Amino acid sequence: QINRPAYLVSLSPASSLQVGDAGEIITHTLHITNAGGQSDTYTVTLSSEWPGTMLLPNGSELPSGGSVTLASGKSTTLRVQILAPALATPGDQSTAQVMLTSWGNPTLARSAELTSRVWPSYLFSLEPISSTHIGNPSEIITHTVSITNTGRQGDTYTVTLSSNWPIGRAHV
């Protein structure tokens, strides 16, 4: 028989990075599990540069310094909502910390670092990253590349072609 410690808790993930728009709520989801052999209550604190709110699974707000009680082996979810400032610029970010402290063993604490970032304005994806085709001498070989604007606003792209072989023309 394996004896579990009376008080043991996990908080996951230990770190989270989420992105969103300026002036909008950026949500992180944390999981709390009582892995100990006893029921326990945990004090949950949130410290954040940007305004933040913690929500229990039923949608009710858990104030910083509030508590959560879990029976042995039980889990719950905590949603942490961080409000990005309306005047934040793309790339701005803030790191919040959620701290969980056991009542049954006050030396037992877990923390999670939550980074909230405002979307960069200019992003794109290029597919495929590489392409290989085989052809006969003097045969035209065509490679198709797709550029997708994944940013938050319109953008203009410059396409540059290079090769060890002569390049015909590009159709954009």
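Worth saying up front: this structure is predicted, and the values here are computed from it rather than measured. (Residues numbered from 1 in each chain as written. Predicted model: local features only at pLDDT ≥ 70, side-chain atom pairs only at ≥ 80, totals over all residues. Heavy atoms only, no water.)

Colleague: Would you explain the nonpolar core in this entry?
Modeller: A general tendency of soluble globular proteins is for nonpolar side chains to be buried together. In terms of nonpolar packing, the biggest core is built from 26 residues, with Leu-30, Val-44, Leu-78, Val-80 and Val-98 touching the most fellow members. Looking at this core, the elements with two or more residues in it are strand E1 (9-12), strand E3 (25-34), strand E4 (40-47), strand E7 (66-70), strand E8 (75-83), strand E9 (93-102) and strand E10 (109-118). Every residue in contact with Val-44, bar those within four places of it in the chain, is listed here: Met-54, Leu-62, Pro-63, Ser-64, Gly-65, Gly-66, Val-68, Leu-78, Val-98, Met-99 and Leu-100. (Core = buried A, V, L, I, M, F, W, Y, C linked by side-chain atoms within 4.5 Å. Buried < 20%, exposed > 50% of the residue type's maximum accessible area, 1.4 Å probe, protein only. Helix = DSSP H or I, 4+ residues; strand = E, 2+ residues; numbered from the N terminus. Contact = heavy atoms within 4.5 Å.)

Colleague: Mind showing me how you'd approach the sheet that holds E3 here?
Modeller: To summarise the sheet geometry, strands pair through backbone hydrogen bonds and adopt either a parallel or an antiparallel arrangement. One open sheet accounts for 5 strands, arranged E1-E3-E8-E5-E6; its pairing is antiparallel. Each edge of the sheet is formed by a strand with only one pairing partner; in this case those strands are E1 and strand E6 (61-62). The pairing of E3 with E8 spans 9 bridges and is antiparallel. For His-31, the partnering residue across the bridge sits in E8 and is Thr-77. (Pairing = 2+ DSSP bridges.)

Colleague: I would appreciate a short explanation of the packing of aromatic side chains in the present structure.
Modeller: Note on aromatic pairs: each is described by the distance of the centres and the angle between the planes. Scanning all chains against the criterion turns up 1 aromatic pair. Ring plane angle 65 degrees and centroid distance 5.4 Å describe the contact between Phe-124 and Tyr-157, whose orientation is recorded as edge-to-face. Of the two residues, Phe-124 is situated in strand E11 (residues 124-127) and Tyr-157 in the segment after strand E12 (146-149); the sequence distance between them amounts to 33 residues. Since its relative accessible area comes to 29%, Tyr-157 is described here as partly exposed. (Phe/Tyr/Trp six-rings, centres within 6.5 Å; stacked < 30°, edge-to-face > 60°.)

Colleague: Explanation requested: a nonpolar patch on the surface in the structure shown.
Modeller: Residues Phe-124, Leu-126, Ile-129, Val-145, Ile-147, Val-159, Leu-161 and Ile-167 make up a contiguous nonpolar surface patch of roughly 750 Å² in combined accessible area. Note on placement: Val-145 falls in the loop between E11 and E12. (Patch = residues over 30% accessible without salt bridge, like charges linked within 9 Å, V, L, I, M, F, W, Y side chains within 5 Å. Areas by Shrake-Rupley, 256 points an atom, 1.4 Å probe, with all protein chains shown as cover. Salt bridge = Lys/Arg side-chain N within 4 Å of Asp/Glu carboxyl O.)

Coordinates in, geometry out; function isn't part of it.
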